[in-house]
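Okay, here's what each chain looks like letter by letter:
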Amino acid sequence: MVTYKLTTYKILSTGVDGGHHYISAEINFGGQPRKITVLFKNKSDEKLLKENTELTVSGNFIDDGLQQSLMLLDAEIVN
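Parameters and conventions
Residues numbered from 1 in each chain as written. Predicted model: local features only at pLDDT ≥ 70, side-chain atom pairs only at ≥ 80, totals over all residues. Heavy atoms only, no water. Pairing = 2+ DSSP bridges. Helix = DSSP H or I, 4+ residues; strand = E, 2+ residues; numbered from the N terminus. Buried < 20%, exposed > 50% of the residue type's maximum accessible area, 1.4 Å probe, protein only. Contact = heavy atoms within 4.5 Å. Salt bridge = Lys/Arg side-chain N within 4 Å of Asp/Glu carboxyl O. Phe/Tyr/Trp six-rings, centres within 6.5 Å; stacked < 30°, edge-to-face > 60°.

A.B. asks: Please explain the pairing of strand 2 (residues 9–14) as it appears in this structure.
C.D. replies: One face of the sheet, then the other: side chains in a regular strand alternate in exactly this way. Both strand 2 and strand 3 (residues 20–29) contribute to a ladder of six bridges, which runs antiparallel. Across the sheet, Thr 14 pairs through a bridge with His 20, a residue of strand 3. Between strand 2 and strand 3, which follow one another and run antiparallel, lie five residues, and Asp 17 among them has a positive phi close to 55°.

Structure below.
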């Protein structure tokens, strides 16, 4: 599990299973700017999302190389 503090991000959504919200952001990773996608474990966390609000998330981190976005799976909002 890793934890990230996000200050600038976009809230996106899908139409699958009644709609899910997820986050797309850019972070500094290894000295390089990288895109990260945050997918939440619980829909209750998705409902707490508000843009332009600092957010700390924790989840399972995946890095499939520089050609792919970083992923944070089964994420939860940390208070």
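Text resumes after the structure shown.
A.B. asks: What am I meant to see in the environment of Lys 35 here?
C.D. replies: Topologically, Lys 35 is positioned in strand 4 (residues 32–40). By relative accessible area, which is 53% here, Lys 35 ends up exposed. Considered as a pair, Lys 35 and Ser 69 are 34 residues apart in the sequence and their alpha carbons are 5.1 Å apart. Those residues in contact with Lys 35, other than ones at most four positions away along the chain, are Ala 25, Glu 26, Ser 69 and Leu 70.

A.B. asks: For this particular structure, what's the right way to read the pattern of salt bridges?
C.D. replies: Opposite charge on two side chains permits them to pair, given that their charged atoms come into close proximity. Taken as a whole, this structure holds two salt bridges when the rule is applied. Linking Lys 5 and Glu 54 is a salt bridge whose minimum nitrogen-to-oxygen distance equals 3.7 Å. Taken as a pair, Lys 5 in strand 1 (residues 2–6) and Glu 54 in the loop between helix 1 (43–46) and strand 5 (55–62) lie far apart in primary sequence, 49 residues in all. You'll find Lys 5 and Glu 54 in the same group, each marked exposed. Salt-bridge contacts for Arg 34 lead to Asp 63; the nearest nitrogen and oxygen are separated by 3.0 Å. Of the two residues, Arg 34 sits in strand 4 while Asp 63 sits in the loop between strand 5 and strand 6 (70–77), which places them 29 residues apart along the sequence. Judged by relative accessible area, Asp 63 falls into the partly exposed class, the value being 35%.

A.B. asks: Explanation requested: the environment of Thr 53 in the structure shown.
C.D. replies: Along the chain, the position of Thr 53 falls in the loop between helix 1 and strand 5. Note on Thr 53: relative accessible area 37%, which makes it partly exposed. Remark: the alpha-carbon pair of Thr 53 and Gln 67, spanning 14 residues in sequence, is separated by 29 Å.

A.B. asks: How do you make sense of the packing of aromatic side chains when you look at a structure like this?
C.D. replies: The description of two aromatic rings rests on the distance between their centres and on the angle between their planes. A complete count under the given rule lists two aromatic pairs for this structure. Plain terms: the ring middles of Tyr 4 and Phe 61 are 6.1 Å apart, the flat faces sit at 45° to each other, and that makes the pair tilted. Of this pair, Tyr 4 sits in strand 1 while Phe 61 is found in strand 5, placing the two residues 57 residues apart along the sequence. Classification of Tyr 4 as buried rests on a relative accessible area of 18%. Residue class for Phe 61 comes out partly exposed when judged on its relative accessible area of 28%. Among the aromatic residues, ring-to-ring pairing joins Tyr 4, Phe 29 and Phe 61 into one connected group.

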